Amino acid sequence: MEANHIHRALFGHDAPEEVHRQYASALEAAPLADWPRINLERLIELGADLEALELALRRSRRRNALTQRFQVLCYLAEVRPDNFGRFVNGRCRWPAGWLILSLHLLRSLYKLGKGRRLILAAGALNTAKIVLRSNDDHVTTLPLLDSNRSSIPLVDPWSIGAALARSVYSAAMLRAVYAGEKLPGPVHMAVYAGNGTLCSDYLFDFPLSARGNIAAAKYLTPALLLVQLSYPDAPTPTNHLRLLPDDRLELRYASKPASPLESHVLGLFRELGYLGALGLCRCLTPGNSCRYAGALLMTATPVRRYQTDRHGLLSGTHDVYVADAANFTVLPSTSHSFTMMANAMRIADHVGRTLG
Ligand SMILES: Cc1cc2nc3c(=O)[nH]c(=O)nc-3n(C[C@H](O)[C@H](O)[C@H](O)COP(=O)(O)OP(=O)(O)OC[C@H]3O[C@@H](n4cnc5c(N)ncnc54)[C@H](O)[C@@H]3O)c2cc1C
């Protein structure tokens, strides 16, 4: 696949079978410099412009792994008789020479402009890792934000033994925002009925024998309601990430303090006839939310290393932009995917404008 994409970037069409084989054995015989910071396979999958990337990388680092790969493919292509005309000018054509070189000069400028703007959006944690690795920095710690959630199971005693309502929407049935005192910000509440999951998912959380658990699932599930509370997060010195010397990312997140809100929500639902107990509430342990942010915080005037400006431009660089949640200064309590998309589109628009 790699040989094909490089061949296409060089000559505009797929590589012949023989070139594939020779390319693979050339890489095996003389392993090239490690591809240190970017996953080439993934870039190909994402449809990156390899020619633009190679040119931009060559300008910053002459012997980089992508240039080496392009060079191997050029060697293989040049020795093929059918490519003779591509590399050697057999007869005098100086006007064509001038014209073609001028066109390629313009094309190279375009490709350089395209490749010179690197937009990093590899996911908040991966983006932070790529930036730290690019700086060979195994010392700096960067802020880590992680979505904070708790789940409260409730039972409506009058619905025990009722038939399961099949017409109920199985995703969140109700969403509400709580903005009370002594909370770091608005808290999101989602209410789910118990009919959206397989009984087997939670069957063995009932404290009965196996057959008793199956009966509990059948008669208790219609009476169950699950309330999920999502809290916002902001940088604190205890929660951070760091690149270890072996290139693994170390994530440190102090356990989250219990919130006073659970007992308040239990009280509110008790008034509606639902029973629950604080001891049955479960909080997600850090690292389990699948929603992360922080690390390369966006600020109006970046002064420190590893900060980004309002356009996502990474401090200390002229052409590296961060377009995912790594540049979020806070993690909202609600799902942040749409905010992330809007932010990425805004940054991409800006980068597009800088290219003219
Ligand atoms: C099970 C699950 C359920 C979720 N449910 C919700 C939900 O209901 N609502 C919600 O808002 N959010 C949800 N999320 C969170 C949401 O999926 C993430 O916040 C969001 O996908 C992050 O988007 P991103 O583009 O920043 O990163 P990603 O979606 O992770 O995309 C990053 C891309 O970069 C690529 N990449 C990484 N490293 C490299 C590299 N070195 N070189 C080249 N490419 C690289 C990756 O392969 C990937 O394609 C859920 C997450 C999970 C796991």
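What you are looking at is a predicted structure, and each value in this text was computed from that prediction instead of being measured.

(A) Fine view of the site of the ligand. Taken together, 18 residues sit near the ligand, with Ala122, Gly123, Asp324, Ser335 and Ser337 positioned nearest. For the shell around the ligand, the secondary structure elements donating two or more residues are helix H3 (40–45), helix H8 (124–134) and helix H12 (337–354). With three residues, the single largest contributor to the shell around the ligand is H8. Grouping the amino acids of the shell around the ligand by side-chain chemistry returns nine nonpolar, six polar and three charged. Of the residues that make up the shell around the ligand, three or more belong to each of domain 1 (2–116) and domain 2 (123–194 + 223–356).

(B) View of helix H7 (residues 94–116). The end-to-end C-alpha distance of H7, which contains 23 residues, comes to 32 Å, matching closely the 33 Å that a straight helix rising 1.5 Å per residue would cover. Judged by how many residues are buried, H7 sits mostly at the surface: one of 23 residues are covered.

(C) Local environment of unusual backbone geometry. The phi dihedral of Cys290 is positive, around 65°, even though this residue is not glycine. Relative to the elements of secondary structure, Cys290 occurs in the loop between strand S9 (282–283) and strand S10 (292–294). Take Cys290: there are 8 C-beta atoms within 10 Å of it, and that puts it in the exposed class. At Ala295, a position not held by glycine, the phi torsion is positive, near 80°. With respect to the helices and strands, Ala295 occurs in the loop between S10 and strand S11 (320–322).

(D) Broad picture of the domain arrangement of the chain. Under the domain assignment, the chain is made up of domain 1 (2–116) and domain 2 (123–194 + 223–356). Using only C-alpha atoms to locate each centre, domain 1 and domain 2 end up separated by 42 Å.

(E) A look at the confidence of the model for the chain. Summary statistics for the chain give a mean pLDDT of 88 and a share of 96% for residues scoring 70 or more. Of all helices and strands in the chain, the one with the weakest mean pLDDT is H3 (77), whereas strand S7 (residues 240–243) scores best (96).

(F) Molecular detail of the nonpolar core. Core analysis: the biggest nonpolar cluster contains 29 residues, and Ala128, Ala293, Ala295, Leu296 and Ala326 have the highest contact counts within it. For this core, the elements supplying multiple residues, two or more each, are H8, strand S2 (142–146), S7, S10, S11 and H12. With five residues, the single largest contributor to this core is H8. Apart from the residues lying within four places of it in its own chain, the contact partners of Ala293 are Ala124, Leu145, Ala325, Ala326, Phe328, Leu331 and His336. Tyr23, Leu66, Phe70 and Leu73 belong to the second-largest nonpolar core, a separate cluster that totals 14 residues.

What counts and how
Residues numbered from 1 in each chain as written. Predicted model: local features only at pLDDT ≥ 70, side-chain atom pairs only at ≥ 80, totals over all residues. Near = placed C-beta within 6 Å. Helix = DSSP H or I, 4+ residues; strand = E, 2+ residues; numbered from the N terminus. Nonpolar A, V, L, I, M, F, W, Y, C, P; charged D, E, K, R; others polar. Domains from an automatic or database assignment. Expected span 1.5 Å × (residues − 1). Buried ≥ 20, exposed ≤ 12 C-beta atoms within 10 Å, placed from the backbone. pLDDT = per-residue confidence, 0-100. Core = buried A, V, L, I, M, F, W, Y, C linked by C-beta atoms within 7 Å. Contact = placed C-beta atoms within 7 Å.

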